[in-house]
Amino acid sequence: MLIDSHVHFGSILNFKLPKKTVLLAMEKYSVEKAIVSSCQGAEFDDKQIAIPEKKQIPMIASAKETIDFAKDNPGKIYAAIWVKPHFEQPSPELEYLLKVHHNIVKAIKIHPFHSAISFSDPRVESYIQLAQFLKLPVITHTAADEFSACRHVYDVAKKYPDVKFIMAHMGLGTDNQEAIELCSKLPNLYSDTAWVPVENAIKFIKKCGSEKLLFGSDMPIDGLDTYTQNKWGQPSMYREYFNGLETQIPSMDFENIMWKNAENLFNL
């Protein structure tokens with residue numbers, strides 16, 4: 001089995017990620033289940049300039065579209081709701097929407113870079129409290145920029161020990177070592193493999209255990225064949241996860257990373 005815990009869809013900024021491509025890629029590469037979020041939750045562009053108000057997608061609208069995607073593909077697509085902490089705060093409508101669709105909504109997604117906000121900001125904390133109330137994991141983009149620094153996630157995870165946090169990318173644009181060290185310190189702190197070299201995934205396993213790492217890819221960021229090649233036609237690092245990782249670690253660890261952890265963490 002293969003579960004991808006880090007998949008996107010939607011069109012905003014330079015993101016053009018059709019739902020159809022997600023489904024075709026899952027079929028082509030035998031991905032049985034995916035945790036999907038809508039990139040239309042982005043609030044700021046790559047230069048940290050706010051997306052014009054008329055082009056912003058309201059959080060409720062984005063959440064409903066993500067939930068509908070899951071409804072249309074039962075047992076295959078599950079929703080991670082990408083929230084907008086810079087311009088919007090949790091509302092009774094959002095809380096109700098997430099609660100009534102608990103069988104479909106499996107996480108809250110936060111992207112500090114595209115919200116131009118630190119993960120430890122009080123405006124983010126209100127969403128952490130919502131996740132705590134609804135017993136949902138929190139997935140957050142982590143990277144080398146100040147907004148997305150892994151240490152912010154660590155600080156928040158320490159404050160909310162009963163919420164499970166997934167540091168997506170394990171610190172994108174870094175050597176991943178800080179993420180590995182921080183994950184080893186807290187039982188409620190996890191990471192995923194999106195853009196993480198296999199050798200660093202193995203280092204993570206040795207330091208933190210295989211139970212705290214989930215396979216994730218950012219699919220279909222490089223199109224239909226994200227799992228095998230990038231947009232320039234060069235081999236993707238994910239090839240090594242499919243062909244090579246299993247020979248380097250115990251089979252139980254491989255199964256944990258590729259599907260068991262996601263199944264357990266998201267209650268699939």
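Before reading further, recall that the structure is shown in the block above.
Procedures and definitions
Residues numbered from 1 in each chain as written. Predicted model: local features only at pLDDT ≥ 70, side-chain atom pairs only at ≥ 80, totals over all residues. Heavy atoms only, no water. Phe/Tyr/Trp six-rings, centres within 6.5 Å; stacked < 30°, edge-to-face > 60°. Helix = DSSP H or I, 4+ residues; strand = E, 2+ residues; numbered from the N terminus. Buried < 20%, exposed > 50% of the residue type's maximum accessible area, 1.4 Å probe, protein only. Axes fitted to C-alpha atoms, helices over the stretch in contact; angles between N-to-C directions. Parallel < 35°, antiparallel > 145°, perpendicular 65-115°, else oblique. Contact = heavy atoms within 4.5 Å. Nonpolar A, V, L, I, M, F, W, Y, C, P; charged D, E, K, R; others polar. Salt bridge = Lys/Arg side-chain N within 4 Å of Asp/Glu carboxyl O. 1 Å grid on protein atoms, 1.4 Å probe; cavity = no way out; pocket = protein on both sides within 12 Å on 5 of 7 lines; lining within 4 Å. Points joined across faces, edges and corners; volume = space filled by probe spheres on them. Left-handed = near helix turned anticlockwise from the far one by under 90°. Polar contact = N/O pair within 3.5 Å; in protein donor to acceptor, adjacent residues only side chain to side chain.

Asker: How do you make sense of the packing of aromatic side chains when you look at a structure like this?
Answerer: For any pair of aromatic rings, the description rests on two quantities: the centre-to-centre distance and the angle between the ring planes. For the structure on display, the rule yields 11 aromatic pairs. Measuring from ring centre to ring centre gives 5.3 Å for Phe 9 and Phe 69, while their planes differ by 70°; the resulting arrangement is edge-to-face. Of this pair, Phe 9 sits in strand 1 (residues 3-12) while Phe 69 sits in helix 2 (residues 59-72), placing them 60 residues apart in sequence. For Phe 9, a relative accessible area of 1% translates into the label buried. Measuring from ring centre to ring centre gives 5.8 Å for Phe 215 and Phe 242, while their planes differ by 50°; the resulting arrangement is tilted. Of this pair, Phe 215 sits in the loop between strand 9 (213-214) and helix 9 (238-242) while Phe 242 is found in helix 9, placing the two residues 27 residues apart along the sequence. Here Phe 242 falls in the partly exposed class, since its relative accessible area comes to 25%.

Asker: Even after reading the chapter, I still don't get the packing of helix 2 against helix 3 (residues 92-100), so can you show me in this structure?
Answerer: Two numbers describe a pair of packed helices, the interaxial angle and the distance between the axes. Between helix 2 and helix 3, the shortest axis-to-axis distance is 10 Å and the interhelical angle comes to 10°. When the interaxial angle is binned, helix 2 and helix 3 end up roughly parallel. Only Glu 93, Leu 94 and Leu 97 of helix 3 make contact with helix 2, whose side of the interface consists of Met 59, Ile 60, Ala 63, Lys 64 and Ile 67. Its residues assigned to classes, the contact of helix 2 with helix 3 shows six nonpolar, no polar and two charged.

Asker: Mind showing me how you'd approach the environment of Tyr 227 here?
Answerer: With respect to the helices and strands, Tyr 227 occurs in the loop between strand 9 and helix 9. Using a relative accessible area of 0% as the deciding quantity, one classes Tyr 227 as buried. Taking the C-alpha atoms as reference points, Tyr 227 and Tyr 241, 14 residues apart in sequence, are found 9.3 Å from one another. Sequence-distant contacts of Tyr 227, that is, excluding residues within four places in its chain, are made with Asp 4, Ala 25, Tyr 29, Val 31, Phe 215, Ser 217, Met 219, Ser 236, Tyr 238, Arg 239 and Phe 242.

Asker: Help me out: how do you make sense of the pattern of salt bridges in this one?
Answerer: Any two side chains of opposite charge can pair, so long as their charged atoms come close to each other. The tally for this structure, following the rule as stated, stands at 10 salt bridges. Between Arg 123 and Asp 121 there is a salt bridge, and its shortest N-O distance comes to 3.0 Å. Overall, the relative accessible area of 32% leaves Arg 123 in the partly exposed class. You can call Asp 121 buried: its relative accessible area is 17%.

Asker: Please explain empty space enclosed by the protein as it appears in this structure.
Answerer: Regions of empty space are outlined by a rolling probe, equal in size to a water molecule, passed over the atoms. Inspection of every chain in the model, using the stated rule, returns one cavity of 30 Å³ or more. The computed volume of the largest cavity comes to approximately 40 Å³. Along the walls of the largest cavity sit Ser 5, His 6, Val 7, Ile 35, Val 36, Ser 37, Ala 80, Lys 109 and Ile 139, which together make up its complete lining. Elements with a minimum of two residues in the lining of the largest cavity: strand 1 and strand 3 (33-38). In terms of residue class, the lining of the largest cavity is built from five nonpolar, three polar and one charged.

Asker: Would you mind showing me how to read the packing of helix 3 against helix 5 (residues 122-134) here?
Answerer: Across the interface, helix 3 lies against helix 5 with an axial gap of 11 Å and an inter-helix angle of 35°. Between helix 3 and helix 5 lies a crossing whose hand is right-handed. Seen from helix 3, the contacting residues are Leu 94, Glu 95, Leu 98 and Lys 99; seen from helix 5, they are Tyr 127, Leu 130, Phe 133 and Leu 134. Classifying every residue of the contact of helix 3 with helix 5 gives six nonpolar, no polar and two charged.

Asker: Just checking my understanding: could you explain the side chain of Asn 200 for this structure?
Answerer: Looking at the element boundaries, Asn 200 is found in helix 8 (residues 198-208). For Asn 200, a relative accessible area of 8% corresponds to the buried category. In terms of polar contacts, Asn 200 uses its side chain to reach the side chain of Asn 176, at 2.7 Å. For Asn 200, the residues in contact, after removing those within four places along its chain, are Asp 175, Asn 176, Gln 177 and Ile 180.

Asker: Help me out: how do you make sense of the environment of Val 7 in this one?
Answerer: You can see Val 7 is positioned in strand 1. For the pair formed by Val 7 and Pro 220, sequence separation is 213 residues and the distance between their alpha carbons is 7.0 Å. Leaving out residues up to four positions away in the same chain, Val 7 has contacts with Val 22, Ala 34, Ile 35, Val 36, Ser 37 and Met 219.

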